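Structural overview for review
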Amino acid sequence: MTPKAPGTPVASGTPVVPGTPVVPEGHGSAGERAARRAARVAELVSAMTLEEKLAQLYGLWAGASQDGAEVAPHQSEMGAPPRLEELLPTGLGQLTRPFGTAPVDPALGALSLMRTQALIAGKNRFGVPALAHEECLAGFAAWRATAYPVPLSWGASFDPGLVGEMAAAIGRDMRSVGVHQGLAPVLDVVRDARWGRVEETVGEDPYLVGVIATAYVRGLESAGVVATLKHFAGYSASRAGRNLAPVSMGVRERADVVLPPFEMAVREGGARSVMHAYTDTDGVPSAADGALLTGLLRETWGFTGTVVADYFGVEFLRTLHGVAADDADAAALALAAGVDVELPTVKTFGTPLREAVAAGRLPRETVDRALTRVLTQKAELGLLDEDWTPVPPALAGADTEGGADAVERLRGTVDLDTPANRHLTRRLAEEAVILLSNDGTLPLAGAVVSPGDPTAPASAGAPVGPAAAGPLTPGRVSPAKVALIGPQAGSPTAVLGCYAFPVHIGAQHPDLTPGIELPTLHEALAAEFPDSEIVVAEGCGVDTPDTDGIAAAVAAARGADVVVAALGDRAGLFGRGTSGEGCDAPDLALPGAQQALLDALLDCGTPVVAVLLAGRPYALGRAVDEAAAIVQTFFPGQEGTRAIAGVLSGRVEPSGRLPVSVPRLPGAQPAGYLAPALAGASSVSSIDPTPAFAFGHGLTYTSFTWSDLAVTAPRATTAGRLALSFTVRNTGHRRGTEVAQLYLHDPVASVVRPVQRLLGWARFTLEAAQEARIEMTVPADLASFTGAEGRRIVEPGALELRLATSAASGDVRLRASAELTGPVREVDHTRALHADITVTVADTAGPRG
C-alpha cells in the first residue's frame, strides 16, 4: 500500500484496508481450497480421540519467566507447565510467546520455532502443527523489533489509516518469522484513568476506540495474522480503577459504551479471535458468560472465529471468582460458555476437562464445537494443507541444516526494525504529540536539517527543516540555553509502554541491550538544537518522594532561556512501574515528587514548557495556568523523543488530540466527558470534575475559522439521514492540521443520556489561507441508544449536532438544530455505525473573494 501523503484528509468512517490477507494459497480456486480445508477439518474431528481433541484446545508456555518475574497475573501460583515432549503424542493447539518470553535473536527464534513446529507435526498422528501467538500491542513484542507508540497514542492521532499501516507492518514482521496470531488490539474503553492499563487503551470514547481498533484489526489481518480482540467485556470498568477488580456497571453502560467497539471490530474488521476478560460483571465472570460469549458474540453478531482465554483465566473461575468447585468444573463452565482455547498453557483443559467429559459433566459435542473452530482457523492459516512447511518466510531459501553452524550462519539475518518500520513509527509518534497549552513560547526555532539527518521529519519526500511545517515565526532563533529538567530527560525507556519488549521482558535482563535505538529526550533535543547549550538535571525520580535534587534543578533553570520539564511515568508490570498492567494509581497526581519539582520550576522565573511522557493523563496543578506551554505524549515509541523535539522546535506541526480528558483535580475520579449532566459541576457538591483539558482538545501553531454552516437536511425520519456542511479556513501563517469533531446532543430522551457523544471526525491539513469544505451525512441510527426496556432504539424528537474542536462546551464552533420524526424505531447489530464524512480541500490558497 502506498503510504498516505501528509495532510491527506481522514474521516472516521473511511474503510482502511492496508492489503489483502497473506495466507498460504495452496492449489486450485479459493472455493476448492475452502472445500478441501472444510473436509480436512471434518475428517480430523471424526478421527481424533478425546485426548487428541483436547490437545488442540490448549497452549504450552514452555519458556515463561524462569527467573520468577511475573508477566501474567498469578503466574507464579500456577505451577510449572508440562514438558513439550510429554504432549507431543497427542499434538498441541498453540505455542505461547516463543519470541516474547526471553530475549532471542529474531533469526534464531524463527529457526527454533521452525524446528519446534516440525517436531510437533511429526510426532502426532495427523501431522497438525501448533498455532503460534505473540503479544503485539505496541509492536511485535520481540527483541530487536520496532517499538511503536502505545494505543493511547493511536487514539491521539485520530488517524485510522496510519494505524492500519502500522498494524500491517507489525503483522508482516510476525508472519515472516512464523507467528500466526497477535494478542491485540485492546478495545477497553477508559472508564477510570487510575486503571494501570489506560496506556493499552485507545481512549475514553467508544466510537474513537472502535474506529481506531478496527483499523488495527484490518491491518494485522491483512498480513495473514489473526487479530485478537480484548478484553471481552468490561475489564476497564473495574471498581476504583483497580486491575482485575469486580465490575458493577449496568446493562445500559455495557451495551452503549463497552460493547460497541467490539461489535464494530467483529462486523467491519474481520477479527478472527476474541479474548475473554478476567473480570466479573454483576457477579458473572466473562469466562463463564454464555450469553456474552455465545449468545451475543456468535448468535447475534455472527462471529465465527475462536474465543481464547486470557492467561490463566479459566482457572480463575475457581481461584478468584469462586464459581467452580475444582479445575474440571472451571473447564466445563468455560467451554460450555464459549471459550475454545485455554491459554497460556495447559491446566484445566487437560486432565481436568477429560475427567469432566468422562463423568458426563460436559457433552462431547461441546468439545467438538470448540475443536471445529480451532481446526478451521488452522486450516485458514494453511496449517492443515498438504504442502504446509514449518519454514517461515524469513528463512525461506536459507541453509538451516546443522547445529551451531546454522546458528552462526543465521544470527543477525532477520531485521524486525527496518528503516520502513522506523519511518512509520515516527510518523505516528509525530501525529500523536498533543499541544495542550501555549502562550506563544512554542515553537522554539530549531536547526535547519538536511535529508538523512536523524532529526529530519518523517514525511517521505516532504521538505526538511522548519519549512516542513511552514515558516517559523519571523525573528525566532534557537534559545541560547535550554534547561532540560526532570526524571524523563535521560531515560531511554521513557517512550515505551509496559508491553514493549525492552520493558516487558528486557527489564528482567538488566545486562541486555534494548536491541533498538532509543534516543533520550536529551539526545533528541541536542540534535534538534545544535547551537543551543542544553543543561540537564533530574530534579527527582519518577516515583520516589525524594526532593533533594530539586534545588540544583531550579538553579539550572534560573540560568536558562527556557525550561523543558520532562515528566511522566515509568511503565512496568504488577507494581514495578507507575503505569502498566497491575500498576494502578490511587489518584491522578503526578507520581512521586514530580509536582513539587514542577511547582518549583514555575517559581524560578524562566518560561517552563512541561513535556509529559506518560501512560495516563495526570492533573498538573498550577502548570495548567502558569506553564508557558504543555506538551502531552502517551509513550510515543522509539521515535518519540525525536517527534517531541520536532514539535518543540516547530519542525513538526502539532496535530494530536486528547483521547482522554486531562483532569484538573487529581482526586475527582472516575470522570470522563461521556457522562450525563448530573456528572458535571453543581452547587450541591464540593467537587468540580470539570477537566483542565477536555477529550478531543489539541492546539496547533496556526489558527482556523469555521463558517458557512449549511444544514441541507435538518429533518429526517427515525430511519432517515440528516446532512450538513461547513467550511474550515486556515487563518494563520503556517500549515496546520485540524480535527473537526461531530458530537450529538440529545436534550430529551426516555432514559438519561450523556450530554454529548462523538459521532465522527475529519482530520485534514491546510496550508496558510487554504480552506476545506466538510460534508457530513448522519444516519438516524447514530442517535440510537439502549432504551428503558433493554432494546436499542431511535426516538423521534429534537437533536443538536455540534461541530467542535473538543468535547468542552466552549469549543463548539457551530451548532445545527435537527429533528427526527416518525415512530420509535428498534435497531440491531445491522444498524449504520458511521456518518458519511467527506473533506474537499481547495486546490489553491489565498484571500477570499
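What you see is a predicted model; the values in this text were computed from it and never measured.

Calculation rules
Residues numbered from 1 in each chain as written. Predicted model: local features only at pLDDT ≥ 70, side-chain atom pairs only at ≥ 80, totals over all residues. Heavy atoms only, no water. Phe/Tyr/Trp six-rings, centres within 6.5 Å; stacked < 30°, edge-to-face > 60°. Helix = DSSP H or I, 4+ residues; strand = E, 2+ residues; numbered from the N terminus. Buried < 20%, exposed > 50% of the residue type's maximum accessible area, 1.4 Å probe, protein only. Axes fitted to C-alpha atoms, helices over the stretch in contact; angles between N-to-C directions. Left-handed = near helix turned anticlockwise from the far one by under 90°. Contact = heavy atoms within 4.5 Å. Nonpolar A, V, L, I, M, F, W, Y, C, P; charged D, E, K, R; others polar. pLDDT = per-residue confidence, 0-100. Salt bridge = Lys/Arg side-chain N within 4 Å of Asp/Glu carboxyl O. Pairing = 2+ DSSP bridges. Lys, Arg positive; Asp, Glu negative; His and termini not counted. Polar contact = N/O pair within 3.5 Å; in protein donor to acceptor, adjacent residues only side chain to side chain. Expected span 1.5 Å × (residues − 1). Arc of directions from axis to C-beta. Right-handed = clockwise from strand over helix to strand, strands pointing away.

Moving on to the packing of aromatic side chains. Aromatic ring pairs are described here by two measures, namely the spacing of the ring centres and the angle between the planes. Inspection of the entire model under this criterion finds 14 aromatic pairs. Between tyrosine 278 and phenylalanine 316 the ring centres are 5.3 Å apart and the planes differ by 45°, which places this aromatic pair in the tilted class. A residue pair is termed long-range when its members are at least 10 positions apart, and tyrosine 278 in the loop between β7 (273–276) and β8 (280–281) and phenylalanine 316 in helix α11 (residues 313–319) qualify at 38 residues. The class of phenylalanine 316 is buried, set by a relative accessible area of 1%. What links up through ring pairs into an aromatic cluster is the set Phe158, Tyr207, Tyr673, Phe695, Tyr743 and Trp761.

The geometry of helix α7 (residues 206–222) relative to helix α9 (residues 260–269) is characterised by a closest axis approach of 8 Å and an angle of 35° between their N-to-C directions. Of the two possible hands of crossing, α7 and α9 adopt the one that is right-handed. For the pair α7 and α9, contact is made by Pro206, Tyr207, Val209, Gly210, Val211, Thr214, Val217 and Arg218 and by Pro261, Met264, Ala265, Glu268 and Gly269, respectively. The class makeup of the residues in the contact of α7 with α9 is eight nonpolar, three polar and two charged.

Take the confidence of the model for the chain next. Here the chain averages 92 in pLDDT, and 91% of its residues register 70 or above. Below a pLDDT of 50 lies the segment residues 64–68, which in the model reaches seven contacts outside its immediate sequence neighbourhood of four places, other chains included.

Moving on to the pattern of salt bridges. Under the definition given, this model contains 50 salt bridges. Among the salt bridges present, the one from arginine 409 reaches aspartate 399, with a minimum N-O distance of 3.4 Å. In this pair, arginine 409 sits in helix α15 (residues 404–410) while aspartate 399 sits in the loop between α14 (364–380) and α15, placing the two residues ten residues apart along the sequence. With relative accessibility at 44%, the residue aspartate 399 sits in the partly exposed group. Each of Arg426, Glu430, Glu517, Glu528, Glu639, Arg642 and Arg651 takes part in a single network of salt bridges with overlapping partners.

Across the sheet, which stays open at both edges, the six strands sit in the order β1-β21-β20-β25-β26-β18 with mixed pairing between neighbours. Every other strand in the sheet has two partners, leaving β1 (10–11) and β18 (715–717) as the edge strands with one partner each. In terms of strand pairing, strand β20 (residues 736–745) meets strand β21 (residues 757–766) through nine bridges, oriented antiparallel. Among the inter-strand pairings, threonine 737 is bridged to a residue of β21, identified as threonine 765.

Quick look at the side chain of arginine 616 now. If you trace the backbone, arginine 616 turns up in the loop between β15 (608–614) and α21 (623–626). Although buried, arginine 616 forms no salt bridge, and the nearest oppositely charged side chain, aspartate 569, lies 4.4 Å from it. At 2.9 Å, the side chain of arginine 616 and the backbone oxygen of alanine 193 are in polar contact. A distance of 3.1 Å separates the side chain of arginine 616 from the backbone oxygen of cysteine 583, its partner in a polar contact.

We now examine the packing of helix α6 (residues 160–176) against α7. Relative orientation of the contacting elements α6 and α7 amounts to 35°, with a least axis distance of 7 Å. Where α6 crosses over α7, the handedness of that crossing is right-handed. Of α7, the residues touching α6 (which contributes Pro160, Val163, Gly164, Met166, Ala167, Ala168, Ile170, Gly171 and Met174) are Val211, Ile212, Ala215, Tyr216, Gly219, Leu220 and Ser222.

Here the focus is the sheet that holds strand β11 (residues 434–438). Across the sheet, six strands lie side by side as β11-β16-β15-β14-β12-β13; this open sheet has mixed pairing. The open sheet has two free edges, formed respectively by β11 and β13 (533–537), since each of these has just one partner strand. Pairwise comparison of adjacent strand axes, ignoring direction, gives a mean angle of 20° for this sheet. The pairing of β15 with strand β16 (residues 629–634) spans six bridges and is parallel. Residue alanine 610 lies in a different strand from β16, and its bridge partner there is isoleucine 630. Each of β12 (481–485), β13 and β14 (562–568) touches helix α18 (residues 521–528); the most contacted strand, β13, lies at about 170° to it. Together, β14, β15 and β16 form the strand contacts of helix α22 (residues 640–649), whose direction differs from that of β15 by roughly 155°.

Next up on the list: helix α1 (residues 30–47). If you check α1, its first and last C-alpha atoms are 26 Å apart, about what 18 residues at 1.5 Å a residue would give, namely 26 Å. All of the buried residues along α1 are Arg33, Arg37, Val41, Leu44 and Val45. Down the axis of α1, the buried set is contained in an arc of 105°. They therefore lie on one face. Its buried side turned inward, α1 meets α2 (50–55) and α14.

A large share of strand β6 (residues 226–232) lies buried, amounting to seven of its seven residues. The pairing of strand β5 (residues 181–182) with β6 spans two bridges and is classified as parallel. Each residue of the ladder has a partner; that of glutamine 181, found in β6, is valine 226. This β-α-β element, β5 to α7 to β6, shows right-handed connectivity. The pairing of β6 with β7 spans three bridges and is classified as parallel. Paired with leucine 229 across the strands is valine 274, a residue of β7.

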